[in-house]
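# Inside the fold
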Amino acid sequence: MLSIILLSVSGIASLFLGFNKSRSLLMPATLLFLLVALAVNLWDWNVPFTLSSAYNNGMMTVDKTTIVFSAILLVSALLVIPFSQNYIDRPQAQPAEYYAILLFALVGGIMMTAYDNLIMLFVGVEILSISMYVLAGSDKRNLRSTEAALKYFLMGAFATGFLLFGVALLYGATMSFSIKGIADYTNANVGNLSPLLYVGIVMVLIGVLFKVSAAPFHFWTPDVYEGSPSLFTAFMSTVVKTAGFAALYRLLAVSFTGLYDYWAMSIAVVALLTLVVGNITASHQHSFKRMMAYSGISHAGYLLIAVTAFQNTSQDAILFYSLAYSVATIAAFGVLILVADKQQGSEDFSAFNGLAKNNPFLAFVMTLAMCSLAGIPLTGGFFGKFLIFSSAFAKGGLNWLLIGAILMSAVGIYYYFKVVIAMYIREGKTEKIALTGLQQAAFVLSILLTLLLGVVPNLFADLV
Amino acid sequence: MVQNLFYFLTFLTLLSALMVIFSKNPIHSVLYLILTFFTISGHYILLNAQFLAAVNIIVYAGAIMVLFLFVIMFLDLKKESEQHIPALAKVAGVIAGGMLLVIFVAAFKSMQTITPDEASFNSQIGLVTTLGKVLFKQYLLPFELASVLFLSAMVGAVMLGKKEEGERNTF
């Protein structure tokens, strides 16, 4: 709650900092805002948040789960921001606006993790999405960026329509916007539920699944992720996805636990479809960035398995996986931003040819990120997948989904290692790429997090 | 008196709604649609729902219809371009429309009319005052956070719309 207020105010403050002609102050200021927001967010850890019921009228709850989800969002943002250096150094850049919108987007993300009322969910989704539509099109001279913004906006507005219609139908059936109120209704009227409720659930699920780019609703993802500036693609594929899954799991866990049999099968089918579409299509891409877009789709599939399993351990698995995925994805995009900048904007696999010769550190970061995304042991991604698969296994009856997922992660290893092969084996020339201190710090932090998650997973797995 | 007004409004609504479909000129269609929205707002006022009436006019008659008009003017519909609709599309249209009709009939058949309990019925529930009380008490937090949404959208609009140095309009 306090972090929401702080982020809103610091967004406005960052706009005012834009009046200053010097651009060097903006990035440190934004990082400082984020660090303070992270500290304030963690401040509530042991404090039972008494204000939530009295002051907000049951609009949002802050508990350990929401704090950890919000912390993942804030850490992702902290890791992304150092890579904005090249982007804001362009003469036509408007850095104050970029940072302000990023901070506002985080407000929406935190709302999505902590909402107790569907209105809060809707406003949060909208803040996050509208900020992303703008940032996707922020490279105004690039036709692809404009196309991405327009596509994302049109499709996103359509999905929002579904979400809102679903919320209205849920209200019609249960006479409540509160997720706990909906749960009370479903528990009190077992066997005599209004048909509107079922339609409402499906429509809300469609709206949220669109935001996390699950399979039948993923068509916008490749073009949008590829067209947007890499900086904001990194933000989109981590923050938006984590917030989306936090929102999805919270809705299902609080409101629709009793209706598990109704929604579980559809989510399971969507998960398998997402895995197949994401991984198979990713394996024949020429552009690294487009591959990462499909990889983002496939990781939504893994997270959906945890949602389907719906065990006590599922939430921990989602948290762990989101963190591991976000850190690895940001590291990969960080390297991509730096390399593409040297290679005249080329984002193909061939841009990475021979990178390891002059830039061993970057090649190592990328290799580790790819190992984590592919789920190789000793990295965070391995234990993320392990936790998800074991929660699904404990549920039982989901073996067909697990077999599909394991086959698909084997496909994943193939395309993630294409870039590793390009970096270490292929011939090519890339000059030494200079890193700023902050970028080095972000890379080191992401390496450390990935390895820590992989070597001592207990440090994080029992967090909540 | 109110009943006569209701019948008059309903007649006007149905007439203008039909004229939306039957007029050949798209501009006339849009204008009839605006009339339809106004008469529907009239119904809301008869039902003591002032806020809905105002929002209906502002959002539909104001914003959405202007968008419609813009689109129609940009499209520059010529007479010859709307002549050839393939037979398949006509059949598909008839089937889709017919199915919608079936759904409507089914919905109306199973509809239960509930008469409100006169003792507990609050006729003031649609007034702006009631809404304001709910909005500023119970829903204060989302209301305040909606300001972040608008601020973000505004900053974005300015950022995307601002003219860059050396940029020329290509219109």
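All values reported here derive from a predicted model rather than from experimental measurement. (Residues numbered from 1 in each chain as written. Chains lettered and ligands numbered in written order. Predicted model: local features only at pLDDT ≥ 70, side-chain atom pairs only at ≥ 80, totals over all residues. Heavy atoms only, no water.)

Before going further, it helps to spend a moment on the interface of chain A and chain B. Interfaces are often described in size by the accessible area the parts lose on coming together. Listed as interface residues are 31 residues of chain A and, on the opposing side, 19 residues of chain B. Of the roughly 2,200 Å² buried between chain A and chain B, counting both surfaces, carbon and sulfur atoms make up 74%. Taken together, chain A and chain B are joined by three residue pairs in polar contact (both at pLDDT 80 or more). Of the residues forming the side of chain A that touches chain B, the biggest block, eight residues, is contributed by helix α7 (residues 118-136) of chain A. (Contact = heavy atoms within 4.5 Å. Buried area = accessible area lost by both parts, 1.4 Å probe. Polar contact = N/O pair within 3.5 Å; in protein donor to acceptor, adjacent residues only side chain to side chain. Helix = DSSP H or I, 4+ residues; strand = E, 2+ residues; numbered from the N terminus.)

Right, let's talk about the domain arrangement of chain A for a bit. Residue and element names in this part refer to chain A. Domain annotation of chain A identifies domain 1 (1-159 + 222-247) and domain 2 (258-464). Using C-alpha coordinates to define each centre, domain 1 is positioned 22 Å away from domain 2. Of the residues lining the interface, 31 residues belong to domain 1; the matching set on domain 2 comes to 38 residues. Summing both sides of the interface, domain 1 and domain 2 together bury roughly 3,000 Å²; the carbon and sulfur share of this comes to 76%. For Arg290, the salt bridge is made with Asp223, and the minimal N-O distance between the two is 3.2 Å. Inspection of the domain 1/domain 2 interface yields 10 residue pairs in polar contact (both at pLDDT 80 or more). (Domains from an automatic or database assignment. Salt bridge = Lys/Arg side-chain N within 4 Å of Asp/Glu carboxyl O.)

It is worth spelling out the packing of helix α2 (residues 26-43) of chain A against helix α4 (residues 64-80) of chain A at this point. Residue and element names in this part refer to chain A. It is at 10 Å that the axes of α2 and α4 come closest, and there the two elements cross at 165°. Considering the angle they form, α2 stands roughly antiparallel to α4. Here α2 runs over α4; the crossing is left-handed. Contact with α2, carried on its side by Leu31, Leu34, Leu35, Ala37, Leu38, Asn41 and Leu42, involves Ile67, Ser70, Ala71, Leu74, Val75, Ala77 and Leu78 of α4 and no other residues of that element. Its residues assigned to classes, the contact of α2 with α4 shows 12 nonpolar, two polar and no charged. (Axes fitted to C-alpha atoms, helices over the stretch in contact; angles between N-to-C directions. Parallel < 35°, antiparallel > 145°, perpendicular 65-115°, else oblique. Left-handed = near helix turned anticlockwise from the far one by under 90°. Nonpolar A, V, L, I, M, F, W, Y, C, P; charged D, E, K, R; others polar.)

Positive phi outside glycine occurs at Ser213 of chain A, with the angle close to 55°. Following the sequence through the fold, Ser213 of chain A ends up in the loop between α10 (195-211) and α11 (221-227). By relative accessible area, which is 0% here, Ser213 of chain A ends up buried. Although it is not a glycine, Asn48 of chain B sits at a positive phi angle of roughly 65°. Relative to the elements of secondary structure, Asn48 of chain B occurs in the loop between α2 (26-46) and α3 (50-75). (Buried < 20%, exposed > 50% of the residue type's maximum accessible area, 1.4 Å probe, protein only.)

All names here are of chain A. Taken as a whole and assessed by the stated rule, the structure comprises 30 aromatic pairs over all chains. A centroid spacing of 5.1 Å and a plane angle of 80° characterise the contact between Tyr260 and Trp263, whose relative ring orientation is edge-to-face. You can see Tyr260 and its partner Trp263 sitting in helix α13 (residues 260-282), three residues apart, about one turn around the helix. By the burial criterion, Tyr260 is buried, and Trp263 matches it. In textbook terms, an aromatic cluster arises when at least three aromatic residues are bridged by ring pairs, as seen for Tyr133, Tyr152, Phe153, Phe210, Trp220 and Tyr225. Between the NZ or CZ atom of Arg90 and the centre of the ring of Tyr87, over which it lies, the distance is 4.0 Å. Directly above the aromatic system of Tyr302 lies the positively charged group of Lys385, at a separation of 4.5 Å from the ring centroid. (Phe/Tyr/Trp six-rings, centres within 6.5 Å; stacked < 30°, edge-to-face > 60°. Lys NZ or Arg CZ within 6 Å of the ring centre and 35° of its normal.)

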